[in-house]
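What the coordinates show
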Amino acid sequence: MQTNHVVVSGGLVLVGRETTARPADIVLDGDTISAIVPAGAAEAPRVVDATGRLIIPGLVNAHTHGHGGLAKGIGDRWSLELLLNAGPWINGGRTSDDRYLSTLLTAVEMIRKGCTACYDLSAMLPVPSIEALHDVARAYADVGMRAVISPMIADRTFYQAIPGLLDAFPPELRPVAEAMRSASAETILAPIREAARTWPYPNDQIRLGIAPTIPLHCSDEFMQACRDLAAEFGLPVQTHLAESAVQRAGAMRRYGMTLTAHLERIGLLGPGFSGAHAIWIDDSEIELIARHGGALAHNPGSNLRLGNGIADMRRAIAGGVTVGVGTDGSSSSDNQNMFEATRLAAYVSRVFDRPPEDWIGTAEALRMATEGSAAVLGMGGLIGRIAPGYKADLVFLDLDHVNLVPLNDAVNQLVNTEDGAAVRDVMIGGRFVLRDGVLPGLDWPSVAARAREAAVRLRGANTGVRQAAERLAPVVSHFCVGLGRCAHDLPRKLSAEAVVPAAVAGGL
Ligand SMILES: [Zn+2]
């Protein structure tokens, strides 16, 4: 055995694609798993004692927003469109340190809850900067987490994006909506090009991507420029695809075709493409995504919170599409708990009128949240499995924690019981980033104090923007509810009779 080898010994391990955990030793060679051997069979200069631990592959978050870390808990009965309307005040006016802190909070929460890699669509509206990209990257680097960092960009404002919305405002409000500004493709993409040219991090650790945020928010020319930049530097592309009924209806109105058909026409679909949410897509769109080797990120918690409906991922999987699981950002989920997201991925598959054998089961849900999400990040075959050749991204759960006592079925309990509370240690690339519940090198009291100060300061600084958004909100809500109904050809929401206003008021 070579001197740089380490053996993780004494644990109960979820090996490869097996559906039961068994005693095994994991041999590491640097940052990679080199062998799985029977318990006690390996010797190495360094042994990590994993007695009393259940060891699973790190969960992979296929869709989040680091900028949501400072915005958790803001807003309640917000549709996606009301959230986008509020975006300028919940994410606006941030300094370099605010961006870093918000991402750091998101990363810390993910690690604490057993997640070792993520796809972060970081808000950089109206114009990204190299400095901002590095603020975000530094947060992940400082805690040792893998990430794809994709600047979330658009050349239209939300109000320009939804066909007919600007015209719906009364004359006194329209100038408020029109005061929001976007920028040109050249201005937006220049700093991303420069960042891609000079990106200092290895691709398997912190990778740069690109995220034209929502197709309706992007002109065709802008999308084409994103496509060309992605091709030039090999950047993965992710967009919010048909997240709401409004987006499906808006696409029909603007393009005369589905969103996915529009993306194919632009040339954006391909193996490096992933769509987040994909609630309001039909079979023809599933076929297009599968044919081009694209993938989807399923965010069931966010979809429920924003009232967007239920994504039918069984249908997408049956159509040959790779599906990962995501939490979405903390401004719409409002946590970074991949155990919870994985559980919801299994549960929401059961609301469709199909027999139990068509439901997403626990083993499949866990594979989606590991290997499936890894594929979304462009890290398939590298992370998401405990097997030789894969990176040593391991989560150690305490077998004495009440969640795992008694251990009747490890996979069922990981998905149906676990909430992250049993996570004791997390290893990424062979290095402990969480050890006995503590993130080494992180001064948490200082981070927490800075985050509290930032939240208070930003709330004050964004008061005017907030008031403007609140004036626009009733029109946005009313118009979008109406437009969204045009897409209800797909069964993604339960139909319901109108509730009499008095009953609503009485329930508050
Ligand atoms: Zn999102």
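What counts, and at which threshold
- Residues numbered from 1 in each chain as written.
- Predicted model: local features only at pLDDT ≥ 70, side-chain atom pairs only at ≥ 80, totals over all residues.
- Heavy atoms only, no water.
- Pairing = 2+ DSSP bridges.
- Helix = DSSP H or I, 4+ residues; strand = E, 2+ residues; numbered from the N terminus.
- Axes fitted to C-alpha atoms, helices over the stretch in contact; angles between N-to-C directions.
- Contact = heavy atoms within 4.5 Å.
- Salt bridge = Lys/Arg side-chain N within 4 Å of Asp/Glu carboxyl O.
- Phe/Tyr/Trp six-rings, centres within 6.5 Å; stacked < 30°, edge-to-face > 60°.
- Buried < 20%, exposed > 50% of the residue type's maximum accessible area, 1.4 Å probe, protein only.
- Polar contact = N/O pair within 3.5 Å; in protein donor to acceptor, adjacent residues only side chain to side chain.

Glancing now at the sheet that holds strand E15 (residues 322–325). Reading across from one edge, E12-E13-E14-E15 is the order of the four strands in this open sheet, with parallel pairing throughout. The sheet terminates laterally at strand E12 (237–241) and E15, the two strands that pair on one side only. Going from strand to strand, the sheet's axes swing by 30° on average, the running direction of each strand aside. Note that E12 and strand E13 (residues 273–277) share five bridges and pair parallel. The partner of Val237 across the bridge, within E13, is Phe273. On the sheet, helix H14 (residues 338–348) packs against strand E14 (295–298) and E15 and is oriented at approximately 130° with respect to E15.

Taken as a whole, this structure holds 33 salt bridges when the rule is applied. Shared partners join several salt bridges into a network, and the residues in it are Arg53, Asp398, Asp425 and Arg435.

Bringing the packing of aromatic side chains into the picture now. Per the counting criterion, the structure on display carries five aromatic pairs. Considering the side-chain rings of Trp78 and Trp89, the 6.1 Å spacing of their centres and the 85° angle between planes classify their relative orientation as edge-to-face. In this pair, Trp78 is assigned in the loop between strand E7 (59–64) and helix H1 (80–91) and Trp89 in helix H1, connecting sequence segments 11 residues apart. A relative accessible area of 11% places Trp89 in the buried class.

A separate point is H14. The buried fraction of H14 amounts to eight of the 11 residues, a majority that puts the element mostly inside the structure. All buried positions along H14 are accounted for by Met338, Phe339, Ala341, Thr342, Arg343, Ala345, Ala346 and Val348. In this structure Asn337 caps H14, since a side-chain oxygen of it lies 3.0 Å from the backbone nitrogen of Phe339.

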